Amino acid sequence: MSEQRKHIEVVAAIIRKDNTILATQRGYGDLKDGWEFPGGKIEPGEAHDVALIREIKEELEADINVQEHIITIEYTGYEKFDLTMHCYLCSLVNDSNITLVEHEAAKWLSKDTLYSVDWLPADIDAVDAIHKCL
């Protein structure tokens, strides 16, 4: 009998400011140093927007407005787990600053520089989806 793979469900914030999108670099874990959209795990019974607001407050000490759902990605290519990632377009509230709590670095990327970082594999489909609307 084969062992069932771990499945993780997360929300990700595609934070837009002017014509740029925020990318963050992971500071921990198996995927350390990879670039991603910030976010995290959904707690049991938690709505996606509530989870996203909570995660961004924890990770970036920033307040966001959750706008529209962009894409849901099912990714099975990671070694230790499968991932469902719900990506939402967001904006910062009152143009608040971000503070990197869990990430090593952050960059605001334009349409021309969107592919200039080493995105984690699961995030690539979301990058492709938003590249069209920047």
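Residues numbered from 1 in each chain as written. Predicted model: local features only at pLDDT ≥ 70, side-chain atom pairs only at ≥ 80, totals over all residues. Heavy atoms only, no water.

1. Considerations on the UniProt feature "domain: Nudix hydrolase" (unreviewed entry) in the protein
So, point 1. Under the local residue numbering, the UniProt record ascribes the feature "domain: Nudix hydrolase" (unreviewed entry) to residues 5–134.
So, point 2. As annotated, residues 5–134 has a helix share of 16% and a strand share of 42%, and its two end C-alpha atoms lie 36 Å apart. (UniProt positions renumbered as here; feature names shortened; annotations may be inferred. Helix = DSSP H or I, 4+ residues; strand = E, 2+ residues; numbered from the N terminus.)

2. A short note on the pairing of strand S5 (residues 64–75)
So, point 1. Two strands pair when backbone bridges link them, and S5 and strand S6 (residues 81–92) are joined in this way by 9 bridges, in the antiparallel orientation. Paired with Ile64 across the two strands is Leu92, which belongs to S6.
So, point 2. Adjacent in sequence and paired antiparallel, S5 and S6 are bridged by 5 residues. (Pairing = 2+ DSSP bridges.)

3. Section: helix H1 (residues 48–60)
So, point 1. Here H1 spans 18 Å end to end across 13 residues, near enough to the 18 Å set by a 1.5 Å rise per residue.
So, point 2. Of the residues making up H1, those classed as buried are Ala51, Leu52, Glu55, Ile56, Glu59 and Leu60. With its buried residues spanning 125° around the axis, H1 presents them on a single face.
So, point 3. Buried-residue contacts for H1 involve strand S1 (6–17), strand S2 (20–26), strand S4 (39–41), S5, S6 and strand S7 (103–109).
So, point 4. In the stretch just after H1, Glu61 is the one whose phi turns positive, near 50°. (Expected span 1.5 Å × (residues − 1). Buried < 20%, exposed > 50% of the residue type's maximum accessible area, 1.4 Å probe, protein only. Arc of directions from axis to C-beta. Contact = heavy atoms within 4.5 Å.)

4. Concerning helix H2 (residues 124–131)
Because an α-helix packs 3.6 residues into every turn, residues spaced three or four apart end up facing the same way.
So, point 1. Of all the positions in H2, only Ala126, Val127 and Ile130 are classed as buried. Down the axis of H2, the smallest arc covering the buried residues is 105°, so these residues share one side.
So, point 2. In this structure, the buried residues of H2 make contact with S1, S2, S5 and S6.

5. Side note on the pattern of salt bridges
So, point 1. The full count for this structure, using the stated rule, is 10 salt bridges.
So, point 2. Taking the shortest distance from any N to any O, the salt bridge between Asp30 and Lys80 comes out at 3.3 Å. Placement of the pair is Asp30 in the loop between S2 and strand S3 (35–36) and Lys80 in the loop between S5 and S6, with a sequence separation of 50 residues. This pair shows no difference in class: Asp30 is exposed, exactly as Lys80 is.
So, point 3. As a salt-bridge pair, Glu55 and Arg54 come within 3.1 Å of each other at their nearest N and O atoms. (Salt bridge = Lys/Arg side-chain N within 4 Å of Asp/Glu carboxyl O.)

6. So, the side chain of Glu36
So, point 1. You can see Glu36 is positioned in strand S3.
So, point 2. At a separation of 3.0 Å, a polar atom in the side chain of Glu36 contacts the side chain of His103.
So, point 3. Excluding anything up to four places from it in sequence, Glu36 contacts Ala23, Thr24, Arg26, His103, Trp119, Leu120 and Asp123. (Polar contact = N/O pair within 3.5 Å; in protein donor to acceptor, adjacent residues only side chain to side chain.)

7. Considerations on the environment of Ala129
So, point 1. Position of Ala129 among the secondary structure elements: in helix H2.
So, point 2. Take Ala129: its relative accessible area is 22%, and that puts it in the partly exposed class.
So, point 3. Once residues lying within four places of it in the same chain are set aside, the contact partners of Ala129 are Ile70 and Ile71.

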